[in-house]
Amino acid sequence: MICLMLAGWQGVQAQELTAKEIIRKADDKSRGLSSNGSITMTVIRPDWTRTITMKTWSKTKEYSLVLITAPAKDKGQVFLKIKTEMWNWVPSIDKTIKIPPSMMLQSWMGSDFTNDDLVKQSSIVVDYNHKLLGKEKVRDIECYKIEMIPLPDAAVVWGKVIMWITVNGFDQWMAEYYDEDNKLVNVSNAFEVKKMGDREIPTRIEMVPLNKKGQKTIMHIDQMNFNTHIDESFFSQQNMKKIR
């Protein structure tokens, strides 16, 4: 009887996911092998609000392209990531600007998201050590709580990230972002799980900087398709000037 109970316990243990496996599942779900869609971003400040709309394309973890469609003064700007390099095409000055790694922590288009958040140059799977801290409820939903510490040679912008991944669904439900001094800087929360393409994902992500009262940015996924065919040649500096 004891042997049978032990065997059953070992079977349960064998099925337990590691922290890295949980993060990989969440990352794969949010990215797919490829994706394309449209997003509305609302930047909220104490005295004003600004809305940016965009179209996005991605393929694996290596390629990303974002086209700004509004407001008028920014319309036509394109952001391109190929592997670890990133560029910005600015039609008003007819110039392509290379964005250096040192700028990845900078605000994207005046929002509370960084350049790195936009194009996901760093990887939550390969650039961090992962530790499962247990399970915890966030807004009444059971989540895995995972601590992520960057690898010594990883080109990442945060000193530490704590992420809550839903047990049922593997959605990135909440995250805390810490600087190199272990000070909590930003908190993100996800809401409004909806069917997008072949999966259900959170469609509203709010990023709140803790040291800036009355300030936050809301990213709303209006439409998204996953695992569609996109040639790698689509992600080129030449195409940045042609895409509409």
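Residues numbered from 1 in each chain as written. Predicted model: local features only at pLDDT ≥ 70, side-chain atom pairs only at ≥ 80, totals over all residues. Heavy atoms only, no water.

## Regarding the overall build of the protein chain
Turning to step 1, where the next piece is worked out: Helices and strands together make up the secondary structure of the protein chain, namely four helices and 13 strands.
Turning to step 2, where the next piece is worked out: Taken against the 2.2 N^0.38 rule, which gives 18 Å for 244 residues, the C-alpha radius of gyration of the protein chain at 19 Å falls within 12% of a compact globule.
Turning to step 3, where the next piece is worked out: Principal axes of the C-alpha set define a box for the protein chain whose edges measure 75 × 45 × 35 Å.
Turning to step 4, where the next piece is worked out: A total of 244 residues make up the protein chain; the buried ones form 48% of that total.
Turning to step 5, where the next piece is worked out: The contacts of the protein chain with a sequence gap of at least 6 include a subset with a gap of at least 24, amounting to 45%.
Turning to step 6, where the next piece is worked out: About 13,000 Å² of surface is accessible on the protein chain, with carbon and sulfur atoms providing 53% of the total. (Helix = DSSP H or I, 4+ residues; strand = E, 2+ residues; numbered from the N terminus. Rg over C-alpha atoms; globule rule 2.2 N^0.38 Å. Buried < 20%, exposed > 50% of the residue type's maximum accessible area, 1.4 Å probe, protein only. Contact = heavy atoms within 4.5 Å. Areas by Shrake-Rupley, 256 points an atom, 1.4 Å probe, with all protein chains shown as cover.)

## Details of unusual backbone geometry
Turning to step 1, where the next piece is worked out: The residue after Ala70, namely Pro71, is reached through a cis peptide bond having omega 5 degrees.
Turning to step 2, where the next piece is worked out: Relative to the helices and strands, Pro71 resides in the loop between β3 (63-70) and β4 (78-82).
Turning to step 3, where the next piece is worked out: The backbone of Asp140 sits at a positive phi, close to 70 degrees, despite the residue not being glycine.
Turning to step 4, where the next piece is worked out: Within the fold, Asp140 resides in the loop between β7 (128-138) and β8 (141-150).

## Structural notes on the pattern of salt bridges
Turning to step 1, where the next piece is worked out: Tallying each qualifying case throughout the model produces twelve salt bridges.
Turning to step 2, where the next piece is worked out: In this structure, Asp28 engages Lys61 in a salt bridge whose closest nitrogen and oxygen atoms are separated by 4.0 Å. Within this pair, whereas Asp28 is found in helix α2 (residues 19-31), its partner Lys61 is found in the loop between β2 (49-59) and β3, the two being separated by 33 residues in sequence.
Turning to step 3, where the next piece is worked out: What makes Lys61 partly exposed here is its relative accessible area of 29%.
Turning to step 4, where the next piece is worked out: The partner of Lys29 in a salt bridge is Asp171, and the shortest N-O contact between them spans 2.8 Å. A residue pair is termed long-range when its members are at least 10 positions apart, and Lys29 in helix α2 and Asp171 in the loop between β9 (160-166) and β10 (172-178) qualify at 142 residues.
Turning to step 5, where the next piece is worked out: Asp171 sits in the buried class, given a relative accessible area of 7%.
Turning to step 6, where the next piece is worked out: Beyond isolated ion pairs, a larger network of salt bridges with shared partners links Asp27, Asp28, Arg31 and Lys61. (Salt bridge = Lys/Arg side-chain N within 4 Å of Asp/Glu carboxyl O.)

## Considering the pairing of β3
Regular strands have side chains that alternate between both faces of the sheet.
Turning to step 1, where the next piece is worked out: Burial of β3 is extensive: six of the eight residues sit out of reach of the surface.
Turning to step 2, where the next piece is worked out: The pairing of β2 with β3 spans seven bridges and is classified as antiparallel. Across the sheet, residue Thr56 finds its bridge partner in β3, namely Val66.
Turning to step 3, where the next piece is worked out: Counted along the chain from β2 to the antiparallel partner β3, the turn is three residues long, and its residue Thr60 has a positive phi close to 50 degrees. (Pairing = 2+ DSSP bridges.)

## Some remarks on the pairing of β8
Turning to step 1, where the next piece is worked out: Two elements, β7 and β8, share ten bridges in a ladder whose sense is antiparallel. By the bridge assignment, Val138 is partnered in β8 with Ile141.
Turning to step 2, where the next piece is worked out: Joining the antiparallel neighbours β7 and β8 is a turn of two residues, in which Arg139 adopts a positive phi near 50 degrees.
Turning to step 3, where the next piece is worked out: Relative to β9, β8 is paired through six bridges, and the arrangement is antiparallel. Within the sheet, the bridge partner assigned to Tyr144 lies in β9 and is Ile165.

## Focus: the packing of aromatic side chains
Turning to step 1, where the next piece is worked out: In total, this model carries six aromatic pairs according to the counting rule given.
Turning to step 2, where the next piece is worked out: A centroid spacing of 6.3 Å and a plane angle of 20 degrees characterise the contact between Tyr144 and Phe170, whose relative ring orientation is stacked. Of this pair, Tyr144 sits in strand β8 while Phe170 sits in the loop between β9 and β10, and the two are 26 residues apart along the sequence.
Turning to step 3, where the next piece is worked out: Centre to centre, the rings of Trp158 and Tyr177 are 5.2 Å apart; their planes meet at 45 degrees, and the pair counts as tilted. With a gap of 19 residues between them, Trp158 in the loop between β8 and β9 and Tyr177 in strand β10 connect regions that are remote in the sequence. Grouping residues by exposure puts Trp158 and Tyr177 together as buried.
Turning to step 4, where the next piece is worked out: Members of the aromatic cluster, joined through ring pairs, are Trp57, Tyr63, Phe234 and Phe235.
Turning to step 5, where the next piece is worked out: In this structure, Lys25 is placed above the aromatic ring of Phe170, and the distance from its NZ or CZ to the ring centre is 5.5 Å.
Turning to step 6, where the next piece is worked out: If you follow Arg139 out to its NZ or CZ, it ends over the ring of Phe191, 4.3 Å from the centre. (Phe/Tyr/Trp six-rings, centres within 6.5 Å; stacked < 30°, edge-to-face > 60°. Lys NZ or Arg CZ within 6 Å of the ring centre and 35° of its normal.)

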